[in-house]
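Structure assessment
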Amino acid sequence: AQTVTQSQPEMSVQEAETVTLSCTYDTSENNYYLFWYKQPPSRQMILVIRQEAYKQQNATENRFSVNFQKAAKSFSLKISDSQLGDTAMYFCAFMNLNNDMRFGAGTRLTVKP
Amino acid sequence: DAGVTQSPTHLIKTRGQQVTLRCSPKSGHDTVSWYQQALGQGPQFIFQYYEEEERQRGNFPDRFSGHQFPNYSSELNVNALLLGDSALYLCASSLFRGRGEQFFGPGTRLTVL
């Protein structure tokens, strides 16, 4: 069974600085998807970024980028130029080709003014 | 374009009762997945419906059942409620043969007393 581990329960960053959230996963499959979701206090889960395992190039979405290390089964999220609105719970998620999605326990990120 | 909608927003039940939660997927999506998110934890996969059939199931007892209708909307039913069933229940929609993204609804907060 696939497992997703987020080893940082809480993190904080000053506004305008850069922060990296860690995620590791365990799977025996070769093709899969990885995601980072954001859940603000209003609770609606929002997709931040996705990565397909067969693509070597790291995904980027504006201020958000990932460092995907397939051999190490690592999938970290970098947030550049942090904004107050980035304050939220961030969940790393793994999905196999059967659409079975597993989430990590989350990292609570606080952006300080 | 309406996103994923869920009803009701909040629900309070007592132990032993039964509950039905409802979800309407994002327009154009054909697959609905349900998750249970306990306070302070990541979402746990319950099951997924496509073409009105349960396609994948997580580690949840048979008290949790579901249904998908021809219009792709879905219901989650929980029988014989336990105190431990108190959680936020999230519905996510996607395309079965899509790029893997799941779009989440705002959730239903279930409290079992």
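Residues numbered from 1 in each chain as written. Chains lettered and ligands numbered in written order. Predicted model: local features only at pLDDT ≥ 70, side-chain atom pairs only at ≥ 80, totals over all residues. Heavy atoms only, no water.

Further remarks concern the packing of aromatic side chains. All told, the structure shown has 17 aromatic pairs over all chains when counted by the stated rule. Look at Tyr25(A) and Phe94(A): their rings are 5.9 Å apart centre to centre, the planes differ by 35 degrees, and that puts the pair in the tilted class. Here the residue Tyr25(A) occupies a position in strand 4 (residues 24-26), and Phe94(A) occupies one in strand 10 (residues 88-96), the gap between them amounting to 69 residues. For Tyr25(A), a relative accessible area of 5% gives the class buried. Relative to Tyr49(B), the ring of Phe47(B) has its centre 5.3 Å away and its plane inclined at 90 degrees; by these criteria the two rings are edge-to-face. What links up through ring pairs into an aromatic cluster is the set Tyr33(A), Phe35(A), Tyr37(A), Phe91(A), Phe103(A), Tyr35(B), Phe45(B) and Phe104(B). Seen from the ring of Phe103(B), Lys26(B) lies directly overhead, with NZ or CZ sitting 5.4 Å from the centre. The residue whose ring lies beneath Arg55(B) is Phe96(B), and the NZ or CZ to ring-centre distance is 5.9 Å. (Phe/Tyr/Trp six-rings, centres within 6.5 Å; stacked < 30°, edge-to-face > 60°. Helix = DSSP H or I, 4+ residues; strand = E, 2+ residues; numbered from the N terminus. Buried < 20%, exposed > 50% of the residue type's maximum accessible area, 1.4 Å probe, protein only. Lys NZ or Arg CZ within 6 Å of the ring centre and 35° of its normal.)

A separate point is the interface of chain A and chain B. If you look at the interface, chain A gives 19 residues, while chain B gives 24 residues. For the pair chain A and chain B, the two sides together bury roughly 1,800 Å², of which 48% comes from carbon and sulfur. Contact with chain B buries surface across chain A, with Arg43(A), Asn99(A) and Phe103(A) losing the most and accounting together for 33% of the total. Counting every contact that joins chain A to chain B gives one salt bridge. In this assembly, chain A and chain B are joined by five residue pairs in polar contact (both at pLDDT 80 or more). Looking at the side of chain A that touches chain B, the elements that each hand over two or more residues are strand 5 (32-39), strand 6 (46-52), strand 10 and strand 11 (101-103) of chain A. For the side of chain A that touches chain B, the leading source of residues is strand 5 of chain A, giving four residues. Its residues placed into classes, the side of chain A that touches chain B shows ten nonpolar, five polar and four charged. (Contact = heavy atoms within 4.5 Å. Buried area = accessible area lost by both parts, 1.4 Å probe. Salt bridge = Lys/Arg side-chain N within 4 Å of Asp/Glu carboxyl O. Polar contact = N/O pair within 3.5 Å; in protein donor to acceptor, adjacent residues only side chain to side chain. Nonpolar A, V, L, I, M, F, W, Y, C, P; charged D, E, K, R; others polar.)

Below, the discussion takes up the nonpolar core. Core analysis: the largest hydrophobic core is formed by 25 residues, its most contacted members being Tyr25(A), Trp36(A), Phe75(A), Leu77(A) and Tyr90(A). Of all the secondary structure elements, the ones that give two or more residues to this core are strand 3 (19-21), strand 5, strand 6, strand 8 (64-69), strand 9 (74-79), strand 10 and strand 12 (107-112) of chain A. The leading source of residues in this core is strand 10 of chain A, at four residues. By size, the runner-up hydrophobic cluster in this structure holds 20 residues, among which are Val4(B), Leu11(B), Cys23(B) and Val78(B). (Core = buried A, V, L, I, M, F, W, Y, C linked by side-chain atoms within 4.5 Å.)

Residues and elements named next belong to chain A. Structurally, Gln8 is set in the loop between strand 1 (3-5) and strand 2 (10-14). Looking at Gln8, its side chain comes within polar contact range of the main-chain nitrogen of Ser22, at 2.7 Å. Apart from residues no more than four positions distant in its own chain, Gln8 is found in contact with Thr20, Leu21, Ser22, Gly106 and Thr107.

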